[in-house]
Amino acid sequence: MDRRRFLTGAALGGMTIVGASALGALDADAAFASTRATLDAGVVESVFAEGRIGAIKGSTLHVAGSWGETHVVQLTTATSVWKLRETSAAAIEVGDGMYGRGVRMPDGTIAADAVWVNIVNLECTLRGVGADRLELTHDRHRVVGRLVPGTTVATYNGGALTADLSRLTPGQAVRVLGAWRPADDTVDVARLTVAA
Amino acid sequence: VVGIVLGLALGWSGLAKLRRPDGESALVELLPDARRVRVVLRGLGAVEVLVGLAAAAGVGAPAAALGVGFLGYLGWAQRKAPDRSCGCTATTSAPVTWRSYGRAGLVVAGGLAAGAGPAPAAVGLVVLALVDERWVLPARRLALRLGGHPHALPPQDVPVAATVELLETSLAWHQAAGIVRSGLLESWDADGWRFLRYAGDRVTVVFALDATATTDTTASPVVRLAVVPETAMV
């Protein structure tokens, strides 16, 4: 945890940005001395990859895309990995689905900035609220949503995300963001967006 | 009394079919087009109304026979076209489920017991409420209200996702958008602050926000930021 202590000190001892004040004062020159000329260009050259992970070799994912293409995705220490929550590359398994954003390397591989594993986003009707699971339907199909303590959050009527699930009621229309579990075809719920 | 209740139920579903027959129901597997499916469903609706009148008058045999016919049709429809509706009540386009069989079973039972008194009729209505799709959600809402909500005592902590949401609405985040390349890598709390770590191009980006703040509590959060070159990392 030395790194955390170091970064904690860096953030608290460093520059403070209050509301709308000046990030323009951020002296990022040193940090970006060796990188591309303009920051915007970095956004433009992002590439995306999605598909099913067929093999994992070291820190490389071999991905079969949905349209028959294949991707070779390189993970680095700077790659964020989401699988229900922020996690590490060790959580990725063969058979998982992935959606990634990164930069195309000269050899055709993709150096990933961010990878989302098994992410699903479903418009559902909430049918039942249990202690550890939700009964949902999506396009007439039954979906079991698993509630994960400490991770599952909800937002009601555009309010802030909260761990409060006490306002869930059968009959509500909910958008479910979560991680599909290939093993038992259920969905671990990360976020519920409830209109009413 | 059972006969009267059954008569009302059959009359209701018969009228529903007469008014709004589901041309896309499973019968299209049997008939050449949706128009004829609607004709057949309308005819069936008229038969249901007549059978319902008979049941209300105490003659239950036709209703029992109709119920057996429904059961057979449901079995056929589920095998032949599992994704299509049965067209039973015309109000729901859901495919055949055990609830559909339950409804048809009740028609058979009601037909056989058309002459029975109010007690069996009440039992039949309760079973119908359990079986009928339209009653499921109101019944579950009522159960949550009476039996207590399983999540009545929510945790009070602000979830990390709420802090990330607050950060992403801040001007600091939008101005730093060109620096940050990864998604959230890590978060931790210290001294009342919540730290969110991201990666940029050969830099680590750390934001610090009030660990208790959310978009509900503030529109202009205090955000502290450090951009640390990888080479400076411990």
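All of these numbers come straight from a predicted model, not from anything done at the bench.

**Student:** Before we go on, may I ask you to explain the overall build of chain B in this structure?
**Tutor:** The number of helices and strands found in chain B is eight helices and four strands. For chain B, the α and β elements follow one another from N to C terminus as α-α-α-α-α-α-α-α-β-β-β-β. Here the C-alpha radius of gyration of chain B, 31 Å, is well above what a compact globule of 234 residues would show, namely 17 Å. Summarising its shape, the C-alpha atoms of chain B cover approximately 90 × 45 × 30 Å along the three principal directions. Burial statistics for chain B: of 234 residues in total, 45% are counted as buried. Partitioning the intrachain contacts of chain B with sequence separation of at least 6 by distance along the chain shows that 58% fall at a separation of at least 24. On chain B, roughly 11,400 Å² of surface is accessible, and the fraction owed to carbon and sulfur atoms is 64%. If the 21 positive side-chain charges of chain B are averaged to one point and the 18 negative ones to another, these points end up 15 Å apart.

**Student:** Teacher, can you tell me more about the overall build of chain A here?
**Tutor:** Looking only at helices and strands, one finds two helices and 14 strands in chain A. With 196 residues in all, chain A has 43% of them scored as buried. Taking all contacts inside chain A whose residues are at least 6 apart in sequence as the whole, residues at least 24 apart take part in 49%. Accessible area of chain A: about 9,800 Å², with a carbon and sulfur share of 55%.

**Student:** For this particular structure, what's the right way to read the packing of helix 3 (residues 61–80) of chain B against helix 4 (residues 98–112) of chain B?
**Tutor:** How two helices pack is summed up by the angle between their axes together with the distance between the axes. Residue and element names in this part refer to chain B. Direction vectors running N to C along helix 3 and helix 4 enclose 160 degrees, while the axes themselves pass 6 Å from each other. Considering the angle they form, helix 3 stands roughly antiparallel to helix 4. When the axes of helix 3 and helix 4 are compared, the crossing they make is left-handed. Residue-level contacts link Ala-61, Ala-63, Ala-64, Gly-67, Val-68, Phe-70, Leu-71, Leu-74, Gly-75 and Gln-78 of helix 3 to Ser-100, Tyr-101, Ala-104, Gly-105, Val-107, Val-108, Gly-111 and Leu-112 of helix 4. Its residues assigned to classes, the contact of helix 3 with helix 4 comprises 12 nonpolar, six polar and no charged.

**Student:** When you look at the confidence of the model for chain B in this model, what are you seeing that I'm missing?
**Tutor:** When pLDDT drops low, the exact placement of atoms in the prediction is not to be read closely. Residues and elements named next belong to chain B. Mean pLDDT over chain B stands at 84; residues scoring 70 or higher make up 96%. Mean pLDDT across the elements of chain B ranges from a minimum in helix 5 (residues 118–131), with 76, to a maximum in strand 1 (residues 186–190), with 95. Reported confidences for the modelled complex are a pTM of 0.73 and an ipTM of 0.81.

**Student:** What exactly am I supposed to notice about a nonpolar patch on the surface here?
**Tutor:** Among the surface-exposed residues, Phe-48, Tyr-99 and Ile-119 of chain A lie close enough to one another that they form a single nonpolar patch of about 270 Å² accessible area. Here Tyr-99 of chain A shows up in strand 7 (residues 97–104).

**Student:** Looking at this structure, how should I read the interface of chain B and chain A?
**Tutor:** Quite often, the size of an interface is put as the accessible area lost when its parts meet. Tallying the contact residues gives 62 residues for chain B and 61 residues for chain A. It is His-151, Arg-181 and Arg-224 of chain B that lose the most area in chain B upon contact with chain A, and together they represent 14% of the buried surface on that side. Here chain B is connected to chain A by four salt bridges. For Glu-135 of chain A, the salt bridge is made with Arg-140 of chain B, and the minimal N-O distance between the two is 3.2 Å. The tally of links from chain B across to chain A stands at 15 residue pairs in polar contact (both at pLDDT 80 or more). Among the secondary structure elements, those contributing two or more residues to the side of chain B that touches chain A are helix 6 (133–147), helix 7 (160–168), helix 8 (171–176), strand 1, strand 2 (193–199), strand 3 (203–210) and strand 4 (222–229) of chain B. Considering each element in turn, the side of chain B that touches chain A owes the most residues, seven residues, to strand 4 of chain B. When the residues that make up the side of chain B that touches chain A are grouped by side-chain class, the tally is 36 nonpolar, 12 polar and 14 charged.

**Student:** For this particular structure, what's the right way to read the side chain of Thr-152 of chain A?
**Tutor:** All names here are of chain A. Take Thr-152: it is sitting in the loop between strand 11 (141–147) and strand 12 (153–156). According to the relative accessible area criterion, Thr-152 is buried, its value standing at 6%. Only 2.7 Å separates the side chain of Thr-152 from the backbone oxygen of Val-189, close enough to count as a polar contact. Here Thr-152 is in contact with Arg-146, Leu-147, Ala-163, Leu-165, Val-189, Ala-190 and Leu-192, once residues within four sequence places are set aside.

**Student:** Even after reading the chapter, I still don't get the packing of aromatic side chains, so can you show me in this structure?
**Tutor:** Residue and element names in this part refer to chain B. This model, assessed by the stated rule, comprises seven aromatic pairs over all chains. When the ring of Trp-173 is compared with that of Phe-207, the centres are 5.6 Å apart and the planes differ by 50 degrees; the resulting orientation is tilted. Pair noted here: Trp-173 is in helix 8 and Phe-207 is in strand 3, with a separation of 34 residues, a long-range link. Of the two residues examined, Trp-173 and Phe-207, each falls in the buried class.

**Student:** Could you clarify how one ought to interpret the environment of Arg-19 of chain B in this entry?
**Tutor:** Following the sequence through the fold, Arg-19 of chain B ends up in helix 1 (residues 2–19). Taking the C-alpha atoms as reference points, Arg-19 of chain B and Arg-38 of chain B, separated by 19 residues in sequence, lie 9.8 Å from one another.

**Student:** How should I be thinking about the pattern of salt bridges in this particular structure?
**Tutor:** When the charged atoms of two side chains with opposite charge come close together, those side chains can pair. The full count for this structure, using the stated rule, is 19 salt bridges over all chains. For Arg-181 of chain B, the salt bridge goes to Asp-113 of chain A, with nearest N and O atoms at 2.8 Å. You can see Arg-181 of chain B sitting in the loop between helix 8 and strand 1 and its partner Asp-113 of chain A sitting in strand 8 (residues 110–117), one on each of two chains. Each member of the pair Arg-181 of chain B and Asp-113 of chain A is classed as buried. Two residues, Arg-181 of chain A and Asp-188 of chain A, come together in a salt bridge whose shortest N-O distance is 3.4 Å. The partly exposed category is assigned to Arg-181 of chain A, whose relative accessible area is 28%. We classify Asp-188 of chain A as buried; its relative accessible area is 12%. Look at the salt bridges and you will find they share partners, linking Arg-3 and Arg-4 of chain A together with Glu-186 and Arg-197 of chain B into a network.

Conventions used here
- Residues numbered from 1 in each chain as written.
- Chains lettered and ligands numbered in written order.
- Predicted model: local features only at pLDDT ≥ 70, side-chain atom pairs only at ≥ 80, totals over all residues.
- Heavy atoms only, no water.
- Helix = DSSP H or I, 4+ residues; strand = E, 2+ residues; numbered from the N terminus.
- Rg over C-alpha atoms; globule rule 2.2 N^0.38 Å.
- Buried < 20%, exposed > 50% of the residue type's maximum accessible area, 1.4 Å probe, protein only.
- Contact = heavy atoms within 4.5 Å.
- Areas by Shrake-Rupley, 256 points an atom, 1.4 Å probe, with all protein chains shown as cover.
- Lys, Arg positive; Asp, Glu negative; His and termini not counted.
- Charge placed at Lys NZ, Arg CZ, Asp CG, Glu CD.
- Axes fitted to C-alpha atoms, helices over the stretch in contact; angles between N-to-C directions.
- Parallel < 35°, antiparallel > 145°, perpendicular 65-115°, else oblique.
- Left-handed = near helix turned anticlockwise from the far one by under 90°.
- Nonpolar A, V, L, I, M, F, W, Y, C, P; charged D, E, K, R; others polar.
- pLDDT = per-residue confidence, 0-100.
- Patch = residues over 30% accessible without salt bridge, like charges linked within 9 Å, V, L, I, M, F, W, Y side chains within 5 Å.
- Salt bridge = Lys/Arg side-chain N within 4 Å of Asp/Glu carboxyl O.
- Buried area = accessible area lost by both parts, 1.4 Å probe.
- Polar contact = N/O pair within 3.5 Å; in protein donor to acceptor, adjacent residues only side chain to side chain.
- Phe/Tyr/Trp six-rings, centres within 6.5 Å; stacked < 30°, edge-to-face > 60°.

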